[in-house]
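# Results of the structural survey
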Amino acid sequence: MANQGYSDKVLRRGVDYKSMFHPQVYLDDYYGPGVPQSAVIKDFLHSLFNTGNINGDRLLDLGSGPVVSNHISAAKWFNELIFSDYAPGNRDALRKWKNNDVDAFDWDPAFKYVAALEGDVTKWEEDRENFRRKMSAIYDCDVHNDNPLHPVTCQPFDCVTSFFCLEETCADEEEFCRVIRNVTSLLREGGVLILLNAVGQSTFKCGDVYFSSLSVEKNDVIKALEKVGLKDISWHSFQAPPMAGLSDSAQCYVVVAKK
Ligand SMILES: C[S@@+](CC[C@H](N)C(=O)[O-])C[C@H]1O[C@@H](n2cnc3c(N)ncnc32)[C@H](O)[C@@H]1O
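Structural notes, computed from the coordinates. Quantities reported herein were computed from a predicted structural model and do not represent experimental measurements.

### Here we look at the sheet that holds strand E9 (residues 231–239)
Working definition: the strands of a sheet are paired by backbone hydrogen bonds and lie parallel or antiparallel to each other. Judged by pairing direction, the sheet is mixed, and its seven strands sit side by side in the order E4-E3-E2-E5-E6-E10-E9 without closing on themselves. At either margin of the open sheet sits one strand with a lone partner, and together these are strand E4 (135–140) and E9. The mean inter-strand angle of the sheet, taken between neighbouring strand axes irrespective of direction, is 15 degrees. Pairing geometry for strand E6 (residues 187–198) and strand E10 (residues 251–258), over seven bridges, is antiparallel. From the neighbouring strand, Ile 194 faces E10, where its bridge partner is Val 256. Against the sheet, helix H5 (residues 88–98) touches strand E3 (78–85) and E4, its axis set at about 165 degrees to E4. Helix-sheet contacts for helix H8 (residues 173–184) involve strand E5 (157–163) and E6, and the interaxial angle to E6 is about 135 degrees.

### Focus on the layout of surface pockets
Rolling a probe over the atoms, with the probe sized like a water molecule, indicates the empty space that remains. Put simply, the largest pocket is a space of about 610 Å³. Tyr 17, Gly 63, Phe 164, Cys 165 and Glu 168 are, among the 39 residues lining the largest pocket, the residues nearest its centre. If you list the elements that add at least two residues to the lining of the largest pocket, you get helix H2 (23–31), helix H3 (36–49) and E10. Here the lining of the largest pocket gets three residues from one element, more than from any other, and that element is H2.

### Describing the environment of Asp 140
Along the polypeptide, Asp 140 turns up in strand E4. Put simply, Asp 140 and Pro 88 are 52 residues apart on the chain and 7.6 Å apart in space, counted from C-alpha to C-alpha. Setting aside chain neighbours within four positions, we find Asp 140 in contact with Asp 85, Tyr 86, Arg 91, Pro 148 and Leu 149. Side chain to side chain, Asp 140 and Arg 91 meet in a polar contact 3.1 Å long.

### Here we look at the packing of aromatic side chains
Going through the model one piece at a time under the given rule, you end up with 16 aromatic pairs. An angle of 10 degrees between the planes, with centres 4.6 Å apart, marks the rings of Trp 235 and Tyr 253 as stacked. You can see Trp 235 sitting in strand E9 and its partner Tyr 253 sitting in strand E10, a full 18 residues away along the chain. Like Tyr 253, Trp 235 is buried. Within the aromatic cluster, the residues linked to one another by ring pairs are Tyr 17, Phe 21, Tyr 26, Tyr 30, Tyr 31, Phe 105, Trp 107, Phe 204 and Phe 211. Positioned over the ring face of Phe 157 is Arg 58, at 4.1 Å from the centre of the ring. The lysine or arginine in question, Lys 112, covers the ring of Trp 124, its NZ or CZ lying 4.6 Å from the ring centre.

Each value, and the rule that gives it
Residues numbered from 1 in each chain as written. Predicted model: local features only at pLDDT ≥ 70, side-chain atom pairs only at ≥ 80, totals over all residues. Heavy atoms only, no water. Pairing = 2+ DSSP bridges. Helix = DSSP H or I, 4+ residues; strand = E, 2+ residues; numbered from the N terminus. Axes fitted to C-alpha atoms, helices over the stretch in contact; angles between N-to-C directions. Contact = heavy atoms within 4.5 Å. 1 Å grid on protein atoms, 1.4 Å probe; cavity = no way out; pocket = protein on both sides within 12 Å on 5 of 7 lines; lining within 4 Å. Points joined across faces, edges and corners; volume = space filled by probe spheres on them. Polar contact = N/O pair within 3.5 Å; in protein donor to acceptor, adjacent residues only side chain to side chain. Phe/Tyr/Trp six-rings, centres within 6.5 Å; stacked < 30°, edge-to-face > 60°. Buried < 20%, exposed > 50% of the residue type's maximum accessible area, 1.4 Å probe, protein only. Lys NZ or Arg CZ within 6 Å of the ring centre and 35° of its normal.

None of this, on its own, says anything about what the molecule does.
Here you go:
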């Protein structure tokens with residue numbers, strides 16, 4: 001589980017996200033029109049949520065970045081969607097979209113795509129407005145705090161998600177386990193944790209900037225979840241289409257576990 005490769009690059013992490021992670025660049029590279037990876041992820045999350053087994057009142061996403069599309073399929077199963085991120089620029093991008101600002105990122109194609117998966121593409125605008133209504137808060141967060149939402153304290157959530165975030169904040173296995181513990185503390189008993197990330201990724205790019213990631217395999221993730229007492233752990237992995245030099249991994253995982 002060691003970071004490797006890219007020894008000639010400066011790999012950014014931690015506080016660098018506040019100044020060197022540019023939301024618009026990230027969105028264009030990873031979520032722009034025709035990026036195949038984002039379609040594969042939407043397909044997978046659609047099939048996961050459409051089992052109907054993951055539902056409740058409040059869902060919290062940690063390290064949301066400027067991204068809403070990964071939660072479109074989840075939205076109909078929860079009354080409130082709470083987003084959070086460490087970098088103010090990302091929280092601003094989320095707020096702009098919620099407020100329908102003219103220069104907000106255009107998520108309409110993502111809503112159309114998911115509405116088509118749901119079997120009725122004409123519903124996409126209704127889905128988009130329902131989503132905006134359910135987006136009840138956008139918090140500052142740091143998954144390295146015992147309470148990642150500090151200073152905000154919340155009732156435990158029915159579901160906590162974190163996509164392409166936790167490994168990106170950790171340098172070693174010990175930190176990864178601690179972060180999993182912090183994140184799990186926000187779940188109610190019986191609540192569901194959903195993590196999505198790349199397998200074996202040690203770096204990803206946002207524009208010209210390389211960010212570090214803790215390279216994890218299936219056993220590392222499952223061990224960390226078991227260590228904090230999570231149960232009913234299910235692991236899914238799928239091949240992600242090549243990302244044209246943006247990441248050194250072409251495999252994604254989704255892990256689902258119950259507290
Ligand atoms: C690769 S982006 C993922 C964004 C989004 N979740 C997605 O699926 O595309 C990693 C995100 O983690 C956030 N982040 C970095 N350090 C963090 C920390 N200590 N606590 C919470 N989020 C953090 C960054 O600001 C960034 O938005």
